[in-house]
Amino acid sequence: MNAIMARRFADFVEIRTKAASILPLLAAVAYVFYKQGWFNVQNTVVFTAAVFLFDMATTAINNYAEDRTSKGRAYFSGSVPLILIFVMFAAAAVLGLYLAYLCGIVALAVGIVCFAVGALYSFGPLPISRTPFGEVCSGGIMGFCIIFLAVYINSSRDALINVSTLFPVFNVSVNIPNLFFLALLSFPYICFISNIMLANNLCDIEKDVAVKRHTLPYFLGVRKSLGLFKLLYYAAMAAIVLLVITDAVPLISIFTLLAMIKIRHNIAAFKEKQSKSETFPLSVYNLYLFSAPFTLLILAKGLINVLI
């Protein structure tokens, strides 16, 4: 029975897709370590737990809402789904507030934005997941905000944005070059994560239309959506080249481009058939194919710099 419940919970929170939030975080920590030779272990552990719980909670909210509106699969009976959602969301909120206490008002502000978007993604009169903005929001929050926060909590206060207060005066200083390179670092993850959502919506387009869920593929059509799907991957790889050229990441990171050999094959397979069970997982696999070598190569260079 416990094994059955565990499988239901894994399906309820779609545990297989949690790479979309954890892999950007790991890349950001590797980036920080490469740049400064250290990272804050306590802050990173707290943030990782908060991100993981929050991602599971927002996915659970989405699945619970879908079950109620489309009378689909019921993962749990009674009030169990709501209890699970509350516990995960509350735990993530407590950890997030603790991190804001440790790291300051900027972490609090960005965290509030993330929580707000996460809640509105599947909840409210017009959830974001039912609009053409799902890809942008999921890619932006998990691709940029997670990386921004992971770098921010592991760096000195003036590395990105610093806010000093002497009431009633607030002084804000922004390190524009560092923010630019951070945005460039985030861009590939924005593309890959957006493509996970795009692939999901392409696989569900007929079912979504039936329940008046008008996602991006509804407006673009299947052909143009598949074209965007391919374009985002190539745009992500172009960003890797720019990161190397600008010396934001080590030269050896260029070998990440070799992942495109397999990613191109997966793109072709998905364009041939859009199936939730057969080809959708390829979009998640593509994120692994890119992020694993990218993160490990940056981390390896950081270790070399520390040891030599």
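Preceding this section is the structure that the text describes.
A brief look at the structure comes next. For clarity, every value in this text was computed on a predicted model and none was experimentally measured.

Thresholds applied
Residues numbered from 1 in each chain as written. Predicted model: local features only at pLDDT ≥ 70, side-chain atom pairs only at ≥ 80, totals over all residues. Heavy atoms only, no water. Helix = DSSP H or I, 4+ residues; strand = E, 2+ residues; numbered from the N terminus. Rg over C-alpha atoms; globule rule 2.2 N^0.38 Å. Buried < 20%, exposed > 50% of the residue type's maximum accessible area, 1.4 Å probe, protein only. Contact = heavy atoms within 4.5 Å. Lys, Arg positive; Asp, Glu negative; His and termini not counted. Charge placed at Lys NZ, Arg CZ, Asp CG, Glu CD. Patch = residues over 30% accessible without salt bridge, like charges linked within 9 Å, V, L, I, M, F, W, Y side chains within 5 Å. Areas by Shrake-Rupley, 256 points an atom, 1.4 Å probe, with all protein chains shown as cover. Salt bridge = Lys/Arg side-chain N within 4 Å of Asp/Glu carboxyl O. Core = buried A, V, L, I, M, F, W, Y, C linked by side-chain atoms within 4.5 Å.

## Quick notes on the overall build of the protein chain
And then number 1: Secondary structure assignment for the protein chain yields twelve helices and two strands.
And then number 2: Counting from the amino terminus, helix and strand elements in the protein chain follow one another as α-α-α-α-α-α-β-β-α-α-α-α-α-α.
And then number 3: Its C-alpha radius of gyration of 20 Å places the protein chain within 12% of the 19 Å reference for a compact globule of 308 residues.
And then number 4: Taken over the C-alpha atoms alone, the protein chain extends approximately 55 × 50 × 40 Å along its principal axes.
And then number 5: Considering the protein chain as a whole, with its 308 residues, one finds that 47% of them fall into the buried category.
And then number 6: Put simply, 76% of the contacts in the protein chain that link residues at least 6 apart link residues at least 24 apart.
And then number 7: Side-chain charges in the protein chain split into 22 positive and 13 negative, and the spacing between the mean points of these groups amounts to 1 Å.

## Some details on a nonpolar patch on the surface
And then number 1: A cluster of nonpolar residues, L296, L299, L303, I304, V306, L307 and I308, forms a patch on the protein surface that exposes about 720 Å² of accessible area.
And then number 2: With respect to the helices, strands and loops of the structure, L299 is situated in helix α12 (residues 281-307).

## Topic: the pattern of salt bridges
And then number 1: The tally for this structure, following the rule as stated, stands at four salt bridges.
And then number 2: A salt bridge links K18 to D55; the shortest N-O distance between them is 3.3 Å. Of the two residues, K18 sits in the loop between α1 (2-12) and α2 (19-36) while D55 sits in helix α3 (residues 41-70), which places them 37 residues apart along the sequence. Side by side, K18 and D55 carry an identical accessibility label, which is buried.
And then number 3: With its nearest N and O atoms 3.9 Å apart, the salt bridge here joins R213 to D208.
And then number 4: With a relative accessible area of 6%, R213 lands in the buried category.

## Overview of the nonpolar core
And then number 1: In this structure, F47, F148, Y189, I263 and F294 are the most contacted members of the largest nonpolar core, which totals 75 residues.
And then number 2: In terms of residue count, helix α7 (residues 176-203) provides more of this core than any other element does, 13 residues in total.
And then number 3: Apart from the residues within four sequence positions on either side, F148 is in contact with V106, V110, L160, I161, L179 and L182.
And then number 4: Counting residues in each nonpolar core, the second largest holds eleven residues, with V13, F76, I85 and M88 among its members.

## Examining unusual backbone geometry
And then number 1: In this structure, E14 takes a positive phi of about 50 degrees despite not being glycine.
And then number 2: With respect to the helices, strands and loops of the structure, E14 is situated in the loop between α1 and α2.
And then number 3: With a phi angle near 65 degrees, D247 is a residue other than glycine that sits in the positive phi range.
And then number 4: Within the secondary structure layout, D247 lies in the loop between α10 (222-245) and α11 (260-272).

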